[in-house]
Amino acid sequence: MADEALIVIDMQNDFCPGGALAVDGGDEIIPAVNRLIETSPHVVLTQDWHPADHSSFASSHPGRLAFQTVTMPYGEQTLWPAHCVQASVGADFDPSLRWTSAELVIRKGFRREIDSYSAFFENDHRTPTGLAGYLRERGISSVTLCGLATDFCVAFSALDAVAQGFSTSVVLDACRGINLNGSLAAMTFRMRDAGVRLS
């Protein structure tokens, strides 16, 4: 068990009902996530941490609407409602999340010019968060992921975890998805195809 870690993805107020980018049923998974936290030897959390003028916000692109796409230097980018702004209540972890045993909180998306879905890399797929190195330094070779949202930050984190050589599982009962234009089925297929264990 000492070589296993739980990675809890973006369990923040803005992704839960009533938040700026709420995932349907996002709060419903908190009991399951808390049980995973309680039984995991190592726990890492990710936290979206955007400046107020982040380039992924529709409000930073005059004439554009949320959920449209634009081309960034690193590729296609979905535009989102402003969410998880640094030091805002929306960026805080959901108050029901029992997260204080976490050994590390990875903040992502804090560079204005690039979004960051994955716990391991920003959306250019080159700029690391440092998580892979941290896990290796700790002797961790197996990771389990849960949180929000299945088809974006959870899925991209899982795909990068496999690519970085970690044995990777996703607990689907402890995740919820956005399902933007069929993204949930597409990313579930991509995870399974890459060798992510889905349970």
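Anyway, here's the lowdown on the structure attached to this text. (Residues numbered from 1 in each chain as written. Predicted model: local features only at pLDDT ≥ 70, side-chain atom pairs only at ≥ 80, totals over all residues. Heavy atoms only, no water.)

1. Quick notes on the sheet that holds strand β2 (residues 43-48)
Strand order in this open sheet of 6 strands is β5-β2-β1-β6-β7-β8, and the pairing throughout is parallel. Of all the strands in the sheet, just β5 (104-108) and β8 (197-198) have a single pairing partner and so form its edges. Summarising the sheet, strand β7 (residues 167-176) and β8 pair through 2 bridges and their orientation is parallel. By the bridge assignment for β8, V170 is matched with L198. Here helix α1 (residues 30-39) sits on the sheet in contact with β1 (4-9), β2, β6 (142-148) and β7, set at roughly 145 degrees to β7. Relative to the sheet, helix α3 (residues 150-163) contacts β1, β5, β6 and β7, its axis offset from that of β6 by approximately 170 degrees. (Pairing = 2+ DSSP bridges. Helix = DSSP H or I, 4+ residues; strand = E, 2+ residues; numbered from the N terminus. Contact = heavy atoms within 4.5 Å. Axes fitted to C-alpha atoms, helices over the stretch in contact; angles between N-to-C directions.)

2. Quick word on the packing of α3 against helix α4 (residues 183-194)
Remark: α3 packs on α4, axes separated minimally by 10 Å, with the N-to-C direction vectors making an angle of 15 degrees. When the interaxial angle is binned, α3 and α4 end up roughly parallel. In this structure, α3 crosses over α4, and the sense of that crossing is left-handed. Residues T150, D151, F152, A155, F156, A158, L159 and V162 of α3 form the contact with α4, whose participating residues are S183, L184, M187, R190, M191 and A194. (Parallel < 35°, antiparallel > 145°, perpendicular 65-115°, else oblique. Left-handed = near helix turned anticlockwise from the far one by under 90°.)

3. Concerning the pairing of β2
A regular strand carries its side chains on alternate faces of the sheet. Counting buried residues in β2 gives 6 out of 6 residues, a clear majority hidden from the surface. With burial as the criterion, each face of β2 is covered, one bearing V43, L45 and Q47 and the other bearing V44, T46 and D48. Of the strand pairs in this sheet, β1 and β2 are connected by 4 bridges, and their pairing is parallel. Residue pairing in the sheet places I9 in a bridge with T46 of β2. Read as a crossover between parallel neighbours, the route from β1 over α1 to β2 is right-handed. The sheet contact formed by β2 and β5 spans 5 bridges and is parallel. If you follow V44 over to β5, its bridge partner there is L104. (Buried < 20%, exposed > 50% of the residue type's maximum accessible area, 1.4 Å probe, protein only. Right-handed = clockwise from strand over helix to strand, strands pointing away.)

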